[in-house]
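One-letter residues, chain by chain:
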Amino acid sequence: MSSPSTKSASRRSAPPDLSDAELARIAGELAEGKPPMVWFTAAAVGVAEGKSGKVVALGDPSVGDFLQVRPTGSKDVLSFGPSEVTLTKPARGTTVAPGGSARTSPESVPAPSNRKDNTVTQPSTLPSTATPAPRSLAPVPEDAAKPAPAAPRPAKAPVARKTKVPEVTVTLTGTADGEWTVDVVNGKKRSVKGMAVSSAAVAQAAKILHPEVEEVVAGILEAAREAQQAKVSQLQAELEAARKLLEELGD
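Note that the structure is a prediction, hence the values are computed from the model and not measured. (Residues numbered from 1 in each chain as written. Predicted model: local features only at pLDDT ≥ 70, side-chain atom pairs only at ≥ 80, totals over all residues. Heavy atoms only, no water.)

Q: Which residues make up a positive patch on the surface, and what values go with them?
A: Taken together, the side chains of Lys-54, Lys-75, Arg-153 and Lys-156 present a region of like positive charge at the surface. We classify Lys-54 as partly exposed; its relative accessible area is 33%. (Patch = residues over 30% accessible without salt bridge, like charges linked within 9 Å, V, L, I, M, F, W, Y side chains within 5 Å. Areas by Shrake-Rupley, 256 points an atom, 1.4 Å probe, with all protein chains shown as cover. Salt bridge = Lys/Arg side-chain N within 4 Å of Asp/Glu carboxyl O. Lys, Arg positive; Asp, Glu negative; His and termini not counted. Charge placed at Lys NZ, Arg CZ, Asp CG, Glu CD. Buried < 20%, exposed > 50% of the residue type's maximum accessible area, 1.4 Å probe, protein only.)

If you want it as structure tokens, here you go:
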């Protein structure tokens, strides 16, 4: 039997990590839908040494505690490091010590009895009692004696994290004079503000988006075109009147 100092030294020694081959074996069994069985070492925190559990998922090894294990008899899934579990099942009556060694539990020694053996003499006048005949027991079938095998629990699939995609808002603004600007808001940040775009680009984008959008934009462009045409006609009339007045002044 080892001394207390030897035991404390073995507990302070760091347990070996699972090898790359053992991690590859765990990953292969998880891919087949068979959660592998592991046993907790003395380095495991919050779980008794030698207790078993099943690995349900593997995380990123750079995190440290990347082994997701459900201890036997528990519904919770806990995170452990590669030094806190082992694939080697400890022998009965032994516990897994750090470094992969096994410690044998000390055998229980019966305590010495302090009682004295006293001889009791029964009087001969006690009536003798007849020993009852043993009852015959019906034979039990072998199938009834064996417990039914427990159905394996399905492994919980790791919950996929949802990636947040920021919303993008594009606002197109047009005036009666045919001037167009665009604003872009990415999430809560305004990326583009009041950028001028040509009417031709707006018409081309409207054709790609949807027929209803194209119809609305075409109506706005047509109204702006008519307004500009009226302005040109007015300017041409004013220019012609100015020319006539200039000719009259020249004569």
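Q: Please provide a residue-by-residue account of the pairing of strand E3 (residues 67–71), values included.
A: Buried residues dominate E3, accounting for four of its five residues. Where strand E2 (residues 52–58) and E3 come together, five bridges link them in antiparallel fashion. Looking at E3, one finds that Leu-58 is bridged to Leu-67. One ladder, built from three bridges, connects E3 with strand E4 (residues 78–80); its direction is antiparallel. Bridging from a neighbouring strand, Gln-68 pairs with Ser-79 of E4. In sequence, E3 turns back onto E4 through a hairpin of six residues, with Gly-73 there showing a positive phi of about 85 degrees. (Helix = DSSP H or I, 4+ residues; strand = E, 2+ residues; numbered from the N terminus. Pairing = 2+ DSSP bridges.)

Q: Describe the packing of aromatic side chains, naming the residues involved and giving the relevant values.
A: Taken as a whole, this structure holds one aromatic pair when the rule is applied. Ring geometry for Phe-40 against Phe-80: centres 4.9 Å apart, planes inclined by 55 degrees, an arrangement best described as tilted. Of this pair, Phe-40 sits in strand E1 (residues 37–40) while Phe-80 is found in strand E4, placing the two residues 40 residues apart along the sequence. Taken individually, Phe-40 and Phe-80 each receive the classification buried, so the pair is uniform in this respect. (Phe/Tyr/Trp six-rings, centres within 6.5 Å; stacked < 30°, edge-to-face > 60°.)

Q: Help me get a handle on the sheet that holds E4, residues and values and all.
A: Taking strand neighbours across the sheet as the criterion, the five strands line up as E4-E3-E2-E1-E5 in an open arrangement whose pairing is antiparallel. With one partner strand each, in any of the chains shown, E4 and strand E5 (85–86) form the two edges of the open sheet. The sheet strands contacting helix H2 (residues 20–31) are E2 and E3, and the helix crosses E2 at an angle near 80 degrees. (Contact = heavy atoms within 4.5 Å. Axes fitted to C-alpha atoms, helices over the stretch in contact; angles between N-to-C directions.)

Q: Explain the pattern of salt bridges to me, and be specific about the residues and the numbers.
A: Scanning all chains against the criterion turns up three salt bridges. Put simply, Arg-190 and Asp-183 hold a salt bridge, and the shortest N to O gap is 3.9 Å.

Q: I'd like a description of the nonpolar core, backed by residues and values.
A: Taken as a class, soluble globular proteins show a tendency for nonpolar side chains to be buried jointly. Ranked by internal contacts, the top residues of the largest apolar core, which has 14 residues, are Phe-40, Leu-67, Val-69, Phe-80 and Val-85. When residues of this core are traced back to their parent elements, those giving at least two are H2, E1 and E3. Not counting the four nearest positions on each side in its chain, Val-85 is found in contact with Leu-18, Val-38, Trp-39, Phe-40, Thr-41, Leu-67 and Phe-80. Grouped together as the second largest cluster of nonpolar side chains are five residues, Trp-180, Val-202, Val-217 and Leu-221 included. (Core = buried A, V, L, I, M, F, W, Y, C linked by side-chain atoms within 4.5 Å.)

Q: Explain the packing of helix H4 (residues 199–209) against helix H5 (residues 211–250) to me, and be specific about the residues and the numbers.
A: Packing of H4 against H5 brings their axes to within 7 Å, and their N-to-C directions diverge by 155 degrees. If you check the angle between H4 and H5, you find them roughly antiparallel. Considering only the axes of H4 and H5, their crossing is left-handed. Here Ser-199, Val-202, Ala-203, Ala-206, Lys-207 and Leu-209 of H4 lie close against H5, whose contacting residues are Val-213, Glu-214, Val-217 and Leu-221. For the contact of H4 with H5, a count of residues per class yields seven nonpolar, one polar and two charged. (Parallel < 35°, antiparallel > 145°, perpendicular 65-115°, else oblique. Left-handed = near helix turned anticlockwise from the far one by under 90°. Nonpolar A, V, L, I, M, F, W, Y, C, P; charged D, E, K, R; others polar.)

Q: With reference to specific residues and values, describe the confidence of the model for the protein.
A: Interpreting fine coordinate detail is not advised for predicted regions of low pLDDT. Across the protein, the average pLDDT comes to 75, with 71% of residues at or above 70. Scored below 50 in pLDDT, residues 1–12 makes eight contacts in the model with residues more than four places away or belonging to other chains. The model gives residues 96–130 a pLDDT under 50, and that stretch makes 33 contacts with residues more than four places away or in other chains. (pLDDT = per-residue confidence, 0-100.)

Q: Kindly report on the sheet that holds strand E9 (residues 180–186), identifying the contributing residues and their values.
A: If you walk across this open sheet you meet the three strands as E8-E9-E10, and the pairing is antiparallel. Both edges of this open sheet fall to strand E8 (168–174) and strand E10 (189–197), since each of them pairs with a single strand only. Ignoring strand direction, the axes of neighbouring strands in this sheet form an average angle of 15 degrees. One ladder, built from seven bridges, connects E8 with E9; its direction is antiparallel. Bridge pairing in E9 links Thr-169 to Val-185.

Q: Report on H2, specifying residues and quantitative values.
A: End to end, H2 covers 16 Å across 12 residues, agreeing with the expected 16 Å (1.5 Å per residue, within 8%). Looking at the residues trailing H2, positive phi occurs at Gly-33, about 80 degrees. (Expected span 1.5 Å × (residues − 1).)

Q: Account for the pairing of E10, naming residues and giving values.
A: The pairing of E9 with E10 spans six bridges and is classified as antiparallel. Across the sheet, the residue bridging to Thr-181 is Ala-196, located in E10. Linking E9 to E10, which pair antiparallel, is a turn of two residues; within it Gly-187 sits at a positive phi near 70 degrees.

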